[in-house]
Amino acid sequence: MICCHKTILPEDFPLDRMKTVTSPVGLHRVLEPAGVLPQAAHRLDNRPEIAPTEVRVAVERLNLDAASFRQLREKHGGDGDAVRAEVLEIVAARGKMHNPVTGSGGMLIGTVDAVGAASPLPLKPGDRVATLVSLTLTPLAITDGLARWDGTSEQVPCAGHAILFARSVAAVLPDDLDPGLALAVLDVCGAPALTDRVVRQYAGRVVRQYPGPRVAVIGAAGKSGSLSLAAARRAGAARTVGVVPGTAERDRLAQAGLADEVVLADARDPVALAAAVGEPADVTVVCVDVPGCEHGAILATGAGGTVIFFSMATSFAAAALGAEGLAADVTMLIGNGFVPGHAEYALDLVRSEPAVRGLIEARLAAH
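*Asks:* Would you mind going over the pattern of salt bridges with me for this structure?
*Replies:* Counting across every chain of the model gives 23 salt bridges. With its nearest N and O atoms 2.8 Å apart, the salt bridge here joins Asp196 to Arg200. Pair noted here: Asp196 and Arg200 are both in helix α5 (residues 190-202), with a separation of four residues, about one helical turn. Taking relative accessible area as the criterion, Arg200 reaches 45% and is therefore assigned partly exposed. Within the structure, one salt-bridge network assembled from shared partners comprises Arg29, Asp45, Arg47 and Glu54.

Below you can see the structure in the form of C-alpha cells.
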C-alpha cells in the first residue's frame, strides 16, 4: 500500500487555481497534506496543464535512484515485471516517483514541450534536458505503461510528462555524449562537486605527514564513487583509497588507476572497513546504495576529518548517534545533490578522464 491517507483528486482543484495561485517551489501542485513542500507531499497534481511559472517536459527516460532500485529489486526477488508494476503503482498513487521505503526517487531526461510565459528557467521548447532535481518532488505522469522497460535496470525508457517549477534545476543535454551516459553522470553530479569543495579545504597544507588530505571513497567503482575519486585527485588529495565489496570491482578499479590503493571490505562491517582503509582518512565519501554503512565510515575517518554521506540509503540518525557513541570528532555532511556548477563539472570529468568514462559505460552496458 503506497499511502494510507485519504486521496484528494486533482479534479477537486480547478485549473484556474494554477493561473492565480502559483509558487516558485511548487506549493500549488501539492494535493495532500496541505502546507508541505512537494518533496514531502503524499500526492502531487501531475496534470499536464502548466502555470505561467512552470515548464512541461515530454519524458524520454527515468533514472531511478540506486538505493530505490536496489530496494525494489530485492523486494521482488529480481522479478522485473513486479518491479515495473510497483513503479507504475507508485507514480499513479503519488503523482511522482517517490519510493515510500527509501524516500528517494531519481531524475529524468526529456524534451521541453511547453514553457510558461513567466518561467525564469533558461529553457525553450525543443531543448533536450536532464532534470537536476529529484523525482520525489517532480510532478510526473506515465502514459505508456513502461512497456519498453523490463524492470531490471535503473534506466527506464518512458513516455509521459513532468513539470518543473520556477526553482527547479535542469541542464540541457550535451551533444557530444550519449544521452544514457549523460543521464547516468548527471544523476550523481552533486557527489564529485561536493568532494571537490571539501578536499580543496584541506589541500595546500600538510595534513599529518601528507601534503594534502587522505581521501577514502566507499563504493568507489560505481558512478558517484569513480567521479568522486577523480574529483578528489584533481582537487589535491595526497592519497586516495577506493573501497569496493568484491574482487571483480576491485580488479576494474585497479585497472582504471583512479585510486592509489584499492581495498576490499563490506562497508556494513565497521571494524573490517576501518581495518581495510588503514590509516584513517581525512575525507571519507560514502557512495554505496545499501543501508548500514554509517558507523564504518565514521570509524575509518580521523579526528577532525569529514564524512560525506552521498547515499539515499544513509540513516542520518544512525550516523549522528554512532559518531556520538564512538566519541568521533568528525564533521558529517549530507550530499544534497546540488552544488553550483555541478553538472558542468561532472560532465567535464567524464570528458577528460577516460578511466571514469570507461567505468560508467561498462556499468551501463552490463545493465
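So, next bit.
*Asks:* I tried to follow the sheet that holds strand β6 (residues 140-142) on my own but got confused; where do I start?
*Replies:* With respect to topology, six strands assemble into an open sheet ordered β6-β7-β3-β4-β5-β8, the strand pairing being antiparallel. If you trace the sheet from one side to the other, it starts and ends with β6 and β8 (170-172), each paired once. Across the sheet, the mean angle from the axis of one strand to that of its neighbour is 35 degrees, orientation sign disregarded. Two elements, strand β5 (residues 128-131) and β8, share three bridges in a ladder whose sense is antiparallel.

*Asks:* Is there a simple way to think about the packing of α5 against helix α11 (residues 342-352) in this case?
*Replies:* Pairs of packed helices are described in terms of their axes, by the angle between the two and the distance that separates them. Look at α5 against α11: their axes get within 8 Å of each other, and the N-to-C directions meet at 95 degrees. When the axis of α5 is compared with that of α11, the two are roughly perpendicular. Facing α5, whose interface residues are Gly190, Pro192, Ala193 and Asp196, α11 presents His342, Tyr345, Ala346 and Leu349.

*Asks:* Would you take a moment to explain a nonpolar patch on the surface for this structure?
*Replies:* Taken together, the side chains of Val271, Leu299 and Leu326 make up a nonpolar region of the molecular surface, amounting to roughly 260 Å² of accessible area. Within the element layout of this structure, Leu299 appears in helix α9 (residues 294-299).

*Asks:* Explain the pairing of strand β7 (residues 155-164) to me, please; I cannot follow it from the model alone.
*Replies:* Walk down a regular strand and you will see the side chains alternate between the two sheet faces. When you tally the buried positions in β7, you get eight out of ten residues, the bulk of the element. Pairing of strand β3 (residues 55-64) with β7 involves eight bridges; the strand directions are antiparallel. Bridging from a neighbouring strand, Val57 pairs with Ala162 of β7. Strand direction decides the pairing type here: β6 and β7, joined by three bridges, are antiparallel.

*Asks:* Looking at this structure, how should I read the pairing of strand β10 (residues 239-244)?
*Replies:* In terms of burial, β10 is a largely internal element, five of the six residues being buried. Pairing between strand β9 (residues 214-218) and β10: five bridges, direction parallel. The residue of β10 that forms the bridge with Ile218 is Val243. Between the parallel elements β9 and β10, the chain passes through helix α6 (residues 223-235) in a crossover that is right-handed. Where β10 and strand β11 (residues 261-264) come together, four bridges link them in parallel fashion. Bridge pairing links Val244 to Leu264 in β11.

*Asks:* Please explain the packing of α6 against α11 as it appears in this structure.
*Replies:* Contact geometry for α6 and α11: axes closest at 10 Å, N-to-C directions at 90 degrees. Classed by the angle they form, the pair α6 and α11 counts as roughly perpendicular. Together, Leu227, Ala230, Ala231 and Arg234 of α6 and Tyr345, Ala346, Asp348, Leu349, Val350 and Ser352 of α11 make up the contact between the two elements. Among the residues forming the contact of α6 with α11, the class breakdown is seven nonpolar, one polar and two charged.

*Asks:* Just checking my understanding: could you explain unusual backbone geometry for this structure?
*Replies:* Keep in mind that most residues, glycine aside, have a negative phi and that most peptide bonds are trans. Omega for the peptide link from Glu32 to Pro33 comes to -15 degrees, which places this bond in the cis form. Phi at Ala327 takes a positive value of approximately 50 degrees, unusual for a residue other than glycine. Assignment of secondary structure puts Ala327 in the loop between α10 (316-325) and β14 (331-334).

*Asks:* I'm lost on the nonpolar core in this one. Help?
*Replies:* Side chains of a nonpolar character, in soluble globular proteins, are inclined to be buried together. Ranked by internal contacts, the top residues of the largest apolar core, which has 50 residues, are Val185, Leu186, Leu227, Leu253 and Ile360. Among the elements of the structure, β4 (106-115), α4 (179-187), α5, β9, α6, β12 (281-286), α11 and α12 (354-366) are those that each provide at least two residues to this core. The next biggest cluster of nonpolar side chains, apart from the first, holds 26 residues, and it includes Val57, Ile90, Leu146 and Val156.

*Asks:* Is there a simple way to explain helix α3 (residues 80-94) in this structure?
*Replies:* Since the α-helix packs 3.6 residues into each turn, any two residues three or four apart lie on the same face. When the terminal C-alpha atoms of α3 are compared, their 21 Å separation across 15 residues agrees well with the 21 Å that a helix rising 1.5 Å per residue should span. Regarding α3, its N-cap is Asp79, as a side-chain oxygen of that residue lies 3.1 Å from the backbone nitrogen of Asp81 further along. Of the residues one or two after α3, Gly95 is the one with positive phi, at around 70 degrees.

How each quantity is defined
Residues numbered from 1 in each chain as written. Predicted model: local features only at pLDDT ≥ 70, side-chain atom pairs only at ≥ 80, totals over all residues. Heavy atoms only, no water. Salt bridge = Lys/Arg side-chain N within 4 Å of Asp/Glu carboxyl O. Helix = DSSP H or I, 4+ residues; strand = E, 2+ residues; numbered from the N terminus. Buried < 20%, exposed > 50% of the residue type's maximum accessible area, 1.4 Å probe, protein only. Pairing = 2+ DSSP bridges. Axes fitted to C-alpha atoms, helices over the stretch in contact; angles between N-to-C directions. Parallel < 35°, antiparallel > 145°, perpendicular 65-115°, else oblique. Contact = heavy atoms within 4.5 Å. Patch = residues over 30% accessible without salt bridge, like charges linked within 9 Å, V, L, I, M, F, W, Y side chains within 5 Å. Areas by Shrake-Rupley, 256 points an atom, 1.4 Å probe, with all protein chains shown as cover. Right-handed = clockwise from strand over helix to strand, strands pointing away. Nonpolar A, V, L, I, M, F, W, Y, C, P; charged D, E, K, R; others polar. Core = buried A, V, L, I, M, F, W, Y, C linked by side-chain atoms within 4.5 Å. Expected span 1.5 Å × (residues − 1). Polar contact = N/O pair within 3.5 Å; in protein donor to acceptor, adjacent residues only side chain to side chain.

Fair warning: the whole summary comes from geometry, so function is off the table for now.
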